Amino acid sequence: MTDPRRLIPRTDAVLADQRFAQALLRLGHARVKAVITEAQRLARQGTIAPGEVAETALASLPAGGPRRVVNATGVILHTNLGRARLPEAAVEAVRVAAGTTDIELDLANGRRGRRGRGALAALAAAVPAAQAVHVVNNNAAALALAATALAAGREIVISRGELVEIGDGFRLPDLLVSTGARLREVGTTNRTTVDDYARAIGQDTGFVLKVHPSNYRIEGFAGTPGIADLAGLCARTHVPLVADAGSGLLRPEPLLPDEPDAATWLARGADLVTASGDKLLGGPQCGLLFGRADLVERLRRHPLARALRVDKLTLAALEATLGAPSTPTSAALHADPVRLRRRAEALAARLAEAGLRAEAVASAATVGGGSAPGVMLPSAAVALDAELAGPLRLAEPPVLARVEQGRCFLDLRAVAAEDDEDLFNAVVITGKDLQQRTGRG
Ligand SMILES: *Cc1c(COP(=O)(O)O)cnc(C)c1O
C-alpha cells in the first residue's frame, strides 16, 4: 500500500485551484501559502485526509471583512446589521469614490473646490426650507458640534421628558455635557409647558434643544410643546431652537405620521435641525444639519468640525442616495403586503417540495433603528422549525431570522425580492444538513 502522505497535494496544485483566486487577491501569495502549508501539515500528521487539504485551507482563510447578511428579521433598520441598506446607485458611487476623485477639485478650472459640494447641493435641494446645510459623521456628532459651538460653558435648555438613551448605552445628556455645556432641565418626565422653558431661558442660555423621542412613547397624562410653540418663545428671547429629529426624514412620510421631518420642523421655526443619514433617509451613516445660514456657518467654522468631517465615501453615498428614485429602506417601508404574502407562499411551497417543514404566515414588521416605536407594518413570513434559526446564521449567505412562539420566522418585508433565491438556497442547504445530522426526514 502506498503511504497516504504521498497523496498530499503539492502547494502549487492547491494554489491553482480557482477557489483560491479571490483569497490570493485579498491576502496575497505568502499568507495564502502559509494557510495551505498548515493544512498539509495536518494531513501529514494524519489529522485530516490528504483529499481534505484544499477544503481545510479554504475554511481556515482569515475572514475577509464584513459579510453580507440577509435581513429576515422584519426589522427594516436593524442596528446590528448596519441600519440602512444603500441603494445600488450609492454602492456604485462608493466604488468610484474609493479611487482618486474630484472631491475637492473643480475640474473646469483646476482650482480647489468646496469639499463634497455635490452632496451638499443635493441635500440643500432636497430641503429648500434650509438656508444652509452641513454633514458630519453621525447625528451624535451633529449634536456634539452644535453643543460645542453654541453652548460650551453655557446652558442647553431641555425637557426632562427628552433626556433620551438611544441604544447601546448611548445617552444624549451625557454627550451634551461632555462638550462643556450645562443642561438646564425643565418640566417633568411626562409634562413640560412653554412656561417651563420661558422661566429657564436667560443670559446663560446657549440654545433650547427639542429632541424627538425616537424609540419610546409616553402615553396618558402627557404633553410637551411642539416646535411652533417653542419657536415663538425662542424668537422672542433671541435664543436658537435646535431640534434633533433623529430619523432623517426630509419630508413628511404619510405612513409614519408621528415621525418628524426636516422640512416641517424648519417651516415651524426650528433654527437648526439635526438627523441621521442611515435611518429613514436610507443612506450612509452621517449626521445631517439643516438651518439658519449664520448658525450652520458657526458650526462649519468651529475647529471641532474638522474632527467630525465625513470621508469621501460617505459624501459619495449620500449624494447618490439623495439622487436615487428610491432606496431599499423606502421600498421595504412601502412594500405591498399582498405581494409579500405571494412571495412567502412561493418560498414556502418550494421549501416544502424540497422536503422541509415550511408555511407562509402573516407577520408584523417594524421600522427599527430607533424610529417609529409602536408602528407595526403588516408583513408576511415563512415559518420554519425553531432549531433552524441558529444554523441559518452560519449559512451562505448568513440569514438572520426572528424566533417567536417557538418557530423561526423569515419575514420578507426587509428582504429585497431579488434576494429570495439566495434565501431559498440558504434555507434548503441548511435544512437538509440539519435533517441529516439529526437523522430526521
Ligand atoms: C438615532 C438618534 C440619534 C443618534 O444618531 P446617530 O446617527 O446614531 O448618531 C440621536 N438622536 C435621536 C433622536 C435619534 O433617533
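Since this is a predicted model, take the numbers as computed values, not measurements.

Section: helix H4 (residues 53–60)
Reasoning step 1: By the burial criterion, the buried members of H4 are Val53, Ala54 and Ala57. One face of H4 carries all of its buried residues, which in axial projection span an arc of 95°.
Reasoning step 2: Of the surrounding secondary structure, the elements contacted by the buried residues of H4 are helix H1 (11–16) and helix H3 (29–44).

Side note on the pattern of salt bridges
Side chains bearing opposite charge may pair, as long as their charged atoms lie close to each other.
Reasoning step 1: Across all of its chains, the model carries 31 salt bridges by this definition.
Reasoning step 2: With a shortest N-O distance of 3.3 Å, Glu92 and Arg95 are connected by a salt bridge. Note that Glu92 and Arg95 are positioned in helix H5 (residues 88–97) at a spacing of three residues, about one turn of the helix.
Reasoning step 3: Of the residues examined, Glu92 reaches a relative accessible area of 39% and is grouped as partly exposed.
Reasoning step 4: Across the salt bridge formed by Glu104 and Arg112, the nearest N and O atoms sit 2.7 Å from each other.
Reasoning step 5: We classify Arg112 as exposed; its relative accessible area is 69%.

Details of the UniProt feature "domain: L-seryl-tRNA selenium transferase N-terminal" (unreviewed entry) in the protein
Reasoning step 1: Mapped onto this structure's residue numbering, the UniProt feature "domain: L-seryl-tRNA selenium transferase N-terminal" (unreviewed entry) falls at residues 5–44.
Reasoning step 2: Secondary structure content for residues 5–44 is 72% helix and 0% strand, and the end C-alpha separation is 6 Å.

Considering the domain arrangement of the protein
Reasoning step 1: When its domains are assigned, the protein resolves into domain 1 (4–60), domain 2 (70–84 + 330–438) and domain 3 (88–325).
Reasoning step 2: If you average the C-alpha positions of domain 1 and of domain 3, the two centres end up 52 Å apart.

Focus: the nonpolar core
Reasoning step 1: Core analysis: the largest hydrophobic core is formed by 37 residues, its most contacted members being Val127, Val135, Val208, Val273, Leu288 and Phe290.
Reasoning step 2: The set of elements that each furnish at least two residues to this core consists of helix H6 (117–126), strand E5 (132–136), helix H9 (194–200), helix H10 (227–237), strand E11 (241–246), helix H11 (262–267), strand E13 (287–291) and helix H14 (312–323).
Reasoning step 3: Ranked by residue count, the leading element in this core is H10, at five residues.
Reasoning step 4: In contact with Leu288, not counting residues within four places along its chain, are Leu123, His134, Val135, Ala142, Leu250, Val273, Thr274, Ala275, Ser276, Gly277, Leu281 and Leu318.
Reasoning step 5: Of all hydrophobic cores here, the second largest spans 31 residues; its members include Val136, Ala141, Leu272 and Leu308.

Description of the packing of aromatic side chains
Reasoning step 1: Applying the stated criterion to the full structure yields zero aromatic pairs.
Reasoning step 2: The ring of Phe221 carries Arg191 above its face, with NZ or CZ at 4.3 Å from the centroid.
Reasoning step 3: Lying across the ring of Phe424, Arg350 places its NZ or CZ 3.8 Å from the centre.

Details of the sheet that holds strand E17 (residues 402–404)
Reasoning step 1: In spatial order, the strands read E2-E14-E15-E18-E17; together these five strands make up an open sheet with mixed pairing. Either end of the sheet is taken by a strand with one partner, and the two such strands are strand E2 (75–77) and E17. When the angles between neighbouring strand axes are averaged without regard to direction, this sheet yields 45°.
Reasoning step 2: As defined by bridge partners, strand E14 (residues 359–368) adjoins strand E15 (residues 377–385) across seven bridges and the pair is classed as antiparallel.

Some remarks on the site of the ligand
Reasoning step 1: Surveying the vicinity of the ligand reveals the residues Arg83, Asn138, Asn139, Ala140, Ile166, His212, Ser214, Asp244, Gly246, Ser276 and Lys279.
Reasoning step 2: Between the ligand and the protein, one listed contact pairs an oxygen atom with a backbone N or O atom of Ala140 at 2.9 Å.
Reasoning step 3: Burial of the ligand by the surrounding chains reaches 95%, relative to a free accessible area of 380 Å².
Reasoning step 4: Of all elements in the fold, only helix H7 (139–151) and E11 reach the threshold of two or more residues within the shell around the ligand.

Section: unusual backbone geometry
Reasoning step 1: Cis geometry is adopted by the peptide bond preceding Pro397, which originates at Glu396 and carries an omega value of -5°.
Reasoning step 2: Tracing the chain through its elements places Pro397 in the loop between helix H17 (389–393) and strand E16 (399–400).
Reasoning step 3: The backbone of Arg83 shows a phi angle near 50°, a positive value even though the residue is not glycine.
Reasoning step 4: Relative to the assigned elements, Arg83 resides in the loop between E2 and H5.
Reasoning step 5: Under the relative-accessibility criterion, Arg83 is labelled partly exposed at 23%.
Reasoning step 6: Even without being glycine, Gln405 reaches a positive phi, approximately 50°.
Reasoning step 7: Secondary-structure assignment places Gln405 in the loop between E17 and strand E18 (407–411).

Considering the packing of H5 against H14
Reasoning step 1: At a minimum axis distance of 8 Å, the contact between H5 and H14 shows a crossing angle of 150°. Accordingly, the angle class assigned to the pair H5 and H14 is roughly antiparallel. Crossing hand, H5 versus H14: right-handed. Contact residues: H5 offers Ala89, Ala90, Ala93, Val94 and Ala97, while H14 offers Lys312, Leu313, Ala316, Ala317, Ala320 and Thr321.
Reasoning step 2: Of the residues belonging to the contact of H5 with H14, the class tally is nine nonpolar, one polar and one charged.

Criteria and cut-off values
- Residues numbered from 1 in each chain as written.
- Predicted model: local features only at pLDDT ≥ 70, side-chain atom pairs only at ≥ 80, totals over all residues.
- Heavy atoms only, no water.
- Buried < 20%, exposed > 50% of the residue type's maximum accessible area, 1.4 Å probe, protein only.
- Helix = DSSP H or I, 4+ residues; strand = E, 2+ residues; numbered from the N terminus.
- Arc of directions from axis to C-beta.
- Contact = heavy atoms within 4.5 Å.
- Salt bridge = Lys/Arg side-chain N within 4 Å of Asp/Glu carboxyl O.
- UniProt positions renumbered as here; feature names shortened; annotations may be inferred.
- Domains from an automatic or database assignment.
- Core = buried A, V, L, I, M, F, W, Y, C linked by side-chain atoms within 4.5 Å.
- Phe/Tyr/Trp six-rings, centres within 6.5 Å; stacked < 30°, edge-to-face > 60°.
- Lys NZ or Arg CZ within 6 Å of the ring centre and 35° of its normal.
- Pairing = 2+ DSSP bridges.
- Axes fitted to C-alpha atoms, helices over the stretch in contact; angles between N-to-C directions.
- Near = heavy atom within 4 Å.
- Polar contact = N/O pair within 3.5 Å; in protein donor to acceptor, adjacent residues only side chain to side chain.
- Areas by Shrake-Rupley, 256 points an atom, 1.4 Å probe, with all protein chains shown as cover.
- Parallel < 35°, antiparallel > 145°, perpendicular 65-115°, else oblique.
- Left-handed = near helix turned anticlockwise from the far one by under 90°.
- Nonpolar A, V, L, I, M, F, W, Y, C, P; charged D, E, K, R; others polar.

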